[in-house]
Amino acid sequence: MEKKTHIAVVPSPGFSHLVPIIEFSKRFIHLHPDFHVTCIIPTLGSPPTSSKAYLQSLPSNIHSIFLPPISEDAIPKDIYVGKKIQLTITNSLPSLLDELKSLTSKAPLAAIVADPFAFEVLDFAKELNTLSFMYFPASAMTLSFFLYIPKLDQQISGEFRDSTQLIQLPGCVPIHGSDLPDPVQDRSSQVYEELLERSRRLCLIDGILVNSFVEMEEGPIRALKEEAERGKFPLVYPVGPITQIGSNQNGSDSESECIRWLENQPPNSVLYVSFGSGGTLSQHQINELAFGLEMSEQKFLWVVRAPSNSTSAAYLGSSTNEDPLQFLPEGFLERTKEQGLVIPSWAPQIPILSHSSTAAFLSHCGWNSVLESIQHGVPLITWPLFAEQRMNSFMLTNVLKVGLRPKVNNDSIVERDEIAKVIKNLMEGEESKEIRRRVKDLRENAISAVKEDGSSTKTMAEVAQKWKSFSCSIYK
Ligand code: UDP
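Residues numbered from 1 in each chain as written. Predicted model: local features only at pLDDT ≥ 70, side-chain atom pairs only at ≥ 80, totals over all residues.

Student: Quick question: what am I supposed to make of the site of the ligand here?
Tutor: The full set close to the ligand counts 20 residues, and Gly276, Ser277, Gly366, Asn368 and Ser369 are the nearest of them. For the shell around the ligand, the secondary-structure elements that each account for two or more residues are helix 1 (15–31), helix 11 (349–353) and helix 12 (367–375). The dominant element in the shell around the ligand, judged by the number of residues it contributes, is helix 12, at four residues. When its residues are assigned to classes, the shell around the ligand shows seven nonpolar, 12 polar and one charged. (Near = placed C-beta within 6 Å. Helix = DSSP H or I, 4+ residues; strand = E, 2+ residues; numbered from the N terminus. Nonpolar A, V, L, I, M, F, W, Y, C, P; charged D, E, K, R; others polar.)

Laid out in structure tokens, this is it:
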């Protein structure tokens with residue numbers, strides 16, 4: 001029997017952090033069936049039902065283990081979501097090390113591949129005599145930002161958002177400081193200090209796999225490779241787009257309701273509205289969005305979540321049990337019953353994006369949603385909420401030009417008139433023709449990158465070869 005090369009992958013807590021690294025593992029195993037993957041999963045509270053259901057259908061050479069969950073009482077309640085994730089990982093390190101040691105005692109381990117928030121586990125690589133890799137489930141531009149932040153820290157004084165200079169990341173279109181990710185928006189914060197420290201340590205690992213592809217982010221990928229050649233950064237491997245294949249519904253009732261409704265709509269007529277697995281709007285913003293959708297007179301399919309003043313309130317499954325539909329303006333459902341469908345909390349995004357009635361996606365610009373939209377050739381209205389989403393929005397609207405971004409007023413609200421205007425522009429305006437053409441081209445490139453001879457498939461083969469050679473060199 002052929003001996004398999006073994007790797008361990010470590011996601012950070014939360015369904016939307018688990019999916020990318022498992023989808024990477026699935027794709028990797030599909031291309032290189034002579035590997036075996038063990039996925040070791042840290043969790044905060046009990047594992048999400050969505051994660052458990054999703055793990056039911058793994059191929060036989062991917063094995064998953066949930067670590068003992070970290071109690072929610074062990075993590076402060078009112079902290080930034082990234083910090084919550086980070087603390088869950090830190091508290092899980094002893095059990096992570098135990099699992100890794102138990103793995104290496106049974107079979108040689110070629111590499112540990114960690115999610116960015118699970119980064120600390122890579123410190124064990126030397127002790128376990130294995131390679132340290134990161135799977136970066138976001139854009140190359142965001143990766144570039146994380147690697148360059150110590151340099152930006154030296155170059156720019158004061159808050160980035162107040163800088164009159166645009167921020168120049170190598171190989172990227174210059175970006176306004178206010179569009180940089182959340183953790184750097186307060187440079188006096190501990191989160192910022194920790195990020196700087198993590199960025200410095202990141203340079204010491206063996207490689208970074210990034211969920212992007214050369215044809216989409218040529219500039220930043222080229223610049224990252226050049227820096228790696230100069231020995232400044234770890235080697236960077238663009239292996240995307242990797243997204244969930246097929247249906248990702250949380251309940252088949254909502255899937256069939258959405259698809260049945262879409263079946264009855266004209267082709268290319270529906271705006272799909274969703275803020276990812278945890279994005280939330282304030283009550284005021286829900287009202288404006290509801291009126292904006294109504295005023296646009298376009299068909300819509302809206303995934304509504306209960307309001308909160310924190311944009312990431314429902315992240316990590318910490319949503320309320322309240323019925324989200326009760327927060328819609330009075331009479332809205334009745335007035336729009338011929339125009340739209342409102343689904344509480346969760347909808348089957350991929351079947352919706354792949355449906356011929358779907359014309360556009362109003363999205364919070366989580367990277368998975370961005371890639372899924374591009375893979376289906378669906379243009380976007382970008383509505384970033386938190387994390388690196390403003391940067392993704394910038395890339396979509398200013399660099400790739402496959403979306404439109406509504407303006408926010410001085411109170412950080414997108415007003416109904418603006419919403420209706422942008423929807424109309426994207427659904428039927430002159431400008432939308434060019435946007436649609438560009439997103440279709442990008443879709444073709446996304447498909448090509450993962451074909452047998454595609455750029456990302458070749459990169460994946462390079463990685464497999466590296467891991468195999470390493471495994472052979474130490475365990476022969
Ligand atoms: N998703 C879904 N239905 C929903 C909301 C989200 O299927 O109602 C999926 C979506 O297809 C994507 C993931 O959840 O794969 C969300 O990831 P993303 O990076 O876009 O955003 P995040 O949830 O991390 O903010």
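Student: Is there a simple way to think about helix 14 (residues 416–428) in this case?
Tutor: Residues three or four positions apart in an α-helix share a direction because the helix packs 3.6 residues into each turn. With 13 residues, helix 14 should reach 18 Å at 1.5 Å per residue; the first-to-last C-alpha distance of 18 Å fits that figure. Among the residues of helix 14, those classed as buried are Ile419, Val422, Ile423, Leu426 and Met427. Burial along helix 14 is one-sided: seen end-on, the buried residues are contained in an arc of 125°. The inward-facing, buried residues of helix 14 abut strand 8 (270–274), helix 9 (283–296), strand 11 (358–363), strand 12 (380–382), strand 13 (403–404) and helix 15 (431–449). (Expected span 1.5 Å × (residues − 1). Buried ≥ 20, exposed ≤ 12 C-beta atoms within 10 Å, placed from the backbone. Arc of directions from axis to C-beta. Contact = placed C-beta atoms within 7 Å.)

Student: What is the right way to read the packing of helix 9 against helix 14 from this model?
Tutor: Packed helices, taken two at a time, are described by the angle between their axes plus the distance between the axes. For the pair helix 9 and helix 14, interaxial distance at closest approach is 8 Å and the crossing angle is 45°. Our classification of the angle between helix 9 and helix 14 gives oblique. Along this stretch, helix 9 crosses helix 14, giving a crossing that reads as right-handed. Across from Glu288, Leu289, Phe291, Gly292, Met295 and Ser296 in helix 9, the residues of helix 14 making contact are Arg416, Ile419, Ala420, Ile423 and Lys424. Grouping the constituent residues of the contact of helix 9 with helix 14 by class yields six nonpolar, two polar and three charged. (Axes fitted to C-alpha atoms, helices over the stretch in contact; angles between N-to-C directions. Parallel < 35°, antiparallel > 145°, perpendicular 65-115°, else oblique. Left-handed = near helix turned anticlockwise from the far one by under 90°.)

Student: Would you mind going over the domain arrangement of the protein with me for this structure?
Tutor: By a frequent convention, interface size equals the accessible area lost on bringing the separate parts together. In terms of domain boundaries, the protein breaks down into domain 1 (5–242 + 452–474) and domain 2 (253–447). Listed per partner, the contact involves 28 residues of domain 1 and 25 residues of domain 2. Those elements giving two or more residues to the side of domain 1 that touches domain 2 turn out to be helix 1, helix 3 (81–106) and helix 5 (140–155). Of all the elements, helix 1 adds the most residues to the side of domain 1 that touches domain 2, at four residues. Class assignment for the residues of the side of domain 1 that touches domain 2 results in 18 nonpolar, six polar and four charged. (Domains from an automatic or database assignment.)

Student: Mind showing me how you'd approach the sheet that holds strand 1 (residues 5–10) here?
Tutor: Sheet strands pair by backbone hydrogen bonding; their relative direction is either parallel or antiparallel. Pairing is parallel in the open sheet, where seven strands are placed in the order 3-2-1-4-5-6-7. What marks the edges here is a single partner per strand, and that holds for strand 3 (62–66) and strand 7 (235–238). Geometrically, the sheet is characterised by an average inter-axis angle of 25° between neighbouring strands, direction not taken into account. Pairing of strand 1 with strand 4 (residues 109–114) involves five bridges; the strand directions are parallel. If you follow Val9 over to strand 4, its bridge partner there is Val113. (Pairing = 2+ DSSP bridges.)

Student: What am I meant to see in the pairing of strand 2 (residues 35–41) here?
Tutor: On any regular strand, side chains alternate: one points to one face of the sheet, the next to the other face. Of all seven residues in strand 2, six are buried, a share of seventy percent or more. The β-α-β motif built from strand 1, the intervening helix 1 and the parallel element strand 2 has right-handed crossover chirality. In the classification by handedness, the crossover that spans strand 2, the intervening helix 2 (residues 49–55) and the parallel strand 3 is right-handed. (Right-handed = clockwise from strand over helix to strand, strands pointing away.)

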